[in-house]
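What follows is the residue order along each chain.
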Amino acid sequence: MAEVRLNNIAKSYDGKTMIVEDVSFKIHDTEFLVLVGPSGCGKSTILRMIAGLEEITGGDLYIDNKHVNDLQPKDRGIAMVFQNYALYPHMTVYKNMAFGLKIKKVPKKEIDERVRRAAEILEITDLLDRKPGAMSGGQRQRVAIGRAIVRNPKVFLFDEPLSNLDAKLRVSMRVELQKLHQKLNATMVYVTHDQTEAMTLGDRIVVLKDGHIMQIGTPMELYNQPQNIFVAGFIGSPPINFIKGQIIKDSSIWFYQESSGLKIELSKVENQSIHSYIDKPVVLGIRPENIKSKPASAGNHFHEQQVEVVALEQMGNEILVYSQLGENQIIARFSPEAAVQVDSPTRLYFNLDKVQFFDPETEAVIL
């Protein structure tokens, strides 16, 4: 397998508007790296530049320490799995998987060995004589992956391969992709707009917005230590709660939101940088699981707040409780046994050990 390096990669179609700008990161050998972000953030463009399907406007791309900016896709040692499978409908599974090797004039015996080995890994041996039209979406996606495996590539590239599948099948295919990565011990680059896919699949994740990198890290680093408001809001489901307010000081230091009267004492909060924001606006962030129906332990590390419940989502293993706090909707995760009703008051307990603060102007986390 191989390491992939992107050094100051840029892409523009008209020479003026930058689709991707000054993107640099390294994909380690055998790593599963995920590019995630909203539509139009440049993630698929980056993947296509790695594949050689898009010309690189600026910067340098290396695969296995080889400069590949001007190499044809067939010479880069990569294999790509597309969103729409791109299978030949008139060919059997066997012929679809063997086609690329046949074009390269690989010996028939070796083709047969590679195809059957890939089919065994993907558990599709019994489908080799079928045509794509007689298979489910999940089976067709396995065939598309098998076609990539038989090429013995240095790097596997996946462009939203699960987006055409239903929700239940997507979950099972995520597990299959994890198992495949372990079996092949391969370098894989995966593009998705689905943060759940990114969190469950990636060894590391690159979060993109408007052609720029917002943060790179492991799933838990992005979840627990987001560097900015965008990453904090994009990673996590249900999303993090943001509450706009300001820092004020009298006998103590407080977070205060005028519209709701919310006033949280911060004397026990470890973030000392918040002292430099006295009389300045800030954004408080707290994830739904860190808002409880009762404090987990006694002490000043919880803030108690009474609210009116506006909606509930019964999830079986938990209840998502929606309430309004000034201009902000607040989502809390309660246990299924919690006594809570719509249009009734309830108490929220904010775990102050888990709150984060962001600068509303720069949107950067306040550390």
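(A) Molecular detail of helix α2 (residues 93–103). Along α2, the residues that are buried comprise Val93, Asn96, Met97, Ala98 and Leu101. Taken together, the buried residues of α2 touch α3 (108–122) and α4 (137–149). At the C-terminal side of α2, Lys105 shows a positive phi close to 65 degrees.

(B) Expanded view of the side chain of Thr187. Along the polypeptide, Thr187 turns up in strand β8 (residues 187–192). Of note is the side chain of Thr187, whose polar atom sits 2.8 Å from the backbone oxygen of Ala2.

(C) Focus on the packing of α2 against α3. Following both chains from N to C, one finds α2 and α3 inclined at 135 degrees, their axes separated by 10 Å at the closest point. The angle between α2 and α3 places the two elements in the oblique class. Along this stretch, α2 crosses α3, giving a crossing that reads as right-handed. Judged by residue contacts, Tyr94, Met97, Ala98, Leu101 and Lys102 of α2 engage Ile111, Asp112, Arg114, Val115, Arg116, Ala118 and Ala119 from α3. Here the residues of the contact of α2 with α3 sort into eight nonpolar, no polar and four charged.

(D) Looking closely at the packing of aromatic side chains. For the structure shown, the criterion picks out seven aromatic pairs. Ring centres 5.6 Å apart and planes at 15 degrees place the aromatic pair Phe230 and Phe234 in the stacked group. With Phe230 and Phe234 both in helix α8 (residues 229–234), this residue pair falls four residues apart, about one helical turn. In terms of burial, Phe230 and Phe234 fall into one category: buried. Ring centres of Phe242 and Phe358 lie 5.9 Å apart, and the angle between their planes is 85 degrees; this geometry places the pair in the edge-to-face category. You can see Phe242 sitting in strand β11 (residues 241–249) and its partner Phe358 sitting in strand β20 (residues 356–358), a full 116 residues away along the chain. Against the face of Tyr277 rests Lys280, its NZ or CZ located 5.8 Å from the ring centre.

The rules behind each value
Residues numbered from 1 in each chain as written. Predicted model: local features only at pLDDT ≥ 70, side-chain atom pairs only at ≥ 80, totals over all residues. Heavy atoms only, no water. Buried < 20%, exposed > 50% of the residue type's maximum accessible area, 1.4 Å probe, protein only. Helix = DSSP H or I, 4+ residues; strand = E, 2+ residues; numbered from the N terminus. Contact = heavy atoms within 4.5 Å. Polar contact = N/O pair within 3.5 Å; in protein donor to acceptor, adjacent residues only side chain to side chain. Axes fitted to C-alpha atoms, helices over the stretch in contact; angles between N-to-C directions. Parallel < 35°, antiparallel > 145°, perpendicular 65-115°, else oblique. Left-handed = near helix turned anticlockwise from the far one by under 90°. Nonpolar A, V, L, I, M, F, W, Y, C, P; charged D, E, K, R; others polar. Phe/Tyr/Trp six-rings, centres within 6.5 Å; stacked < 30°, edge-to-face > 60°. Lys NZ or Arg CZ within 6 Å of the ring centre and 35° of its normal.

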